[in-house]
Amino acid sequence: MRIRVVLSGIVSAAICVIALWFPWYMMEPANIAPDWAYVDEAAILPAWLSTGMLVFCGLTLFAFGWVSARWNWAGNWRDSLLAGAGAGLIAGCLIYDFIGTFHFGLSGQEAVLRAFYTEVDDVTGLTLFVDSITETATQLYFNFLLTVAACALLSAMGGLASAVDAGDTWGRPPRAPDSWLFRIPAYSLTLTGCLWMIVTIAAFSVLQEVVIDAVVENELSGLNSFPVLISFSAYSVGWVLIFLPMSVTWGWLLRSWRGAGL
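None of these values were measured; they are calculated from a predicted model.

Novice: Sorry, what's going on with a nonpolar patch on the surface here?
Specialist: On the surface, a cluster of nonpolar side chains totalling about 670 Å² of accessible area is made up of Trp-239, Phe-243, Trp-250, Leu-253, Leu-254 and Trp-257. Considering the arrangement of structural elements, one finds Leu-254 in helix 8 (residues 229-259).

Written out as structure tokens, the structure is:
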């Protein structure tokens, strides 16, 4: 992945994080917690701000997918698509890390926060607790995939759209490093995905057992979610993080074998 793709993704992510900070960090928590620090500022902001900022971020990702493709001198639709998708992939990860985790984690804990100042019995409290754990896990992990995929798709569309003017090149010609440098991200993502999966299994196997034991021992029948989704959501994301970059390396192997006449 070229440095120009990386820079395009970082800049687009920074713009989107700043834009989403207002609805996701100032407005939404104020609707849940009455003592939120920005409750007065949130009352001034319009109700359509969240939708407007999402549309703005979509247009930003599309535009920087175009920038990534033209800045990298992509000469055909395939290179343009890949340049845009690479920038969107980086942008999606950064957007999720800096603002998405807060937003989706807050969504998972919403029931607990709304009942924070309410006195409840043990069964009701445990039910809220178990539901919040399950909801937080599903919100965080499934929306990670959704966020990254949406950002990569929007930027890829921008890069693909730029192919209509493939002769439009920006800046100096990009460097042409050895081909093995372009394969490092796929290898490193596969390895880090495996390490992440090991940590996830070690942590979530214990958490899953504790939550299910609490449900059985206290006979919690009013749950709104299924505790088995805690580990299922985490493991699903883990397998995607492993097999998606690994499948790219399989494609390289198959292409090499075909080129060798095997």
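Novice: Would you explain the pattern of salt bridges in this entry?
Specialist: Once their charged atoms are close, side chains differing in charge can pair, the charge on each being opposite to the other. Inspection of every chain in the model, using the stated rule, returns two salt bridges. With a shortest N-O distance of 3.9 Å, Arg-78 and Asp-79 are connected by a salt bridge. Its salt-bridge partner being Glu-110, residue Arg-114 comes within 2.9 Å of it at the nearest N-O pair. Of the two residues, Arg-114 and Glu-110 both sit in helix 5 (residues 110-114), four residues apart, roughly one turn of that helix. Among the residues examined, Glu-110 registers a relative accessible area of 28% and is labelled partly exposed.

Novice: Can you help me understand helix 4 (residues 77-108) in this one?
Specialist: It helps to recall that an α-helix has 3.6 residues per turn; residues three or four apart then point in one direction. End to end, helix 4 covers just 40 Å across 32 residues, shorter than the expected 46 Å (1.5 Å per residue, more than 12% under). Along helix 4, the helix axis deviates most sharply at Gly-100, where the bend reaches about 55 degrees.

Novice: Explain the side chain of Ser-233 here, please?
Specialist: Along the chain, Ser-233 turns up in helix 8. Within polar-contact distance, the side chain of Ser-233 engages the backbone oxygen of Leu-229 at 2.9 Å. Aside from chain neighbours lying at most four places away, what touches Ser-233 is Ala-137, Thr-138, Tyr-141 and Phe-142.

Novice: Quick question: what am I supposed to make of the packing of helix 4 against helix 6 (residues 122-162) here?
Specialist: A pair of packed helices is characterised by two quantities: the angle between their axes and the separation of those axes. It is at 6 Å that the axes of helix 4 and helix 6 come closest, and there the two elements cross at 155 degrees. On the basis of the axis angle, helix 4 is roughly antiparallel to helix 6. In the packing of helix 4 onto helix 6, the handedness of the crossing is right-handed. Along the lines of polarity and charge, the residues of the contact of helix 4 with helix 6 split into 17 nonpolar, 16 polar and one charged.

Quick notes on the rules
- Residues numbered from 1 in each chain as written.
- Predicted model: local features only at pLDDT ≥ 70, side-chain atom pairs only at ≥ 80, totals over all residues.
- Heavy atoms only, no water.
- Patch = residues over 30% accessible without salt bridge, like charges linked within 9 Å, V, L, I, M, F, W, Y side chains within 5 Å.
- Areas by Shrake-Rupley, 256 points an atom, 1.4 Å probe, with all protein chains shown as cover.
- Salt bridge = Lys/Arg side-chain N within 4 Å of Asp/Glu carboxyl O.
- Helix = DSSP H or I, 4+ residues; strand = E, 2+ residues; numbered from the N terminus.
- Buried < 20%, exposed > 50% of the residue type's maximum accessible area, 1.4 Å probe, protein only.
- Expected span 1.5 Å × (residues − 1).
- Bend = angle between axes of the 7 residues up to and from the residue.
- Polar contact = N/O pair within 3.5 Å; in protein donor to acceptor, adjacent residues only side chain to side chain.
- Contact = heavy atoms within 4.5 Å.
- Axes fitted to C-alpha atoms, helices over the stretch in contact; angles between N-to-C directions.
- Parallel < 35°, antiparallel > 145°, perpendicular 65-115°, else oblique.
- Left-handed = near helix turned anticlockwise from the far one by under 90°.
- Nonpolar A, V, L, I, M, F, W, Y, C, P; charged D, E, K, R; others polar.

Honestly, that's just the spatial picture; any functional story needs more than this.
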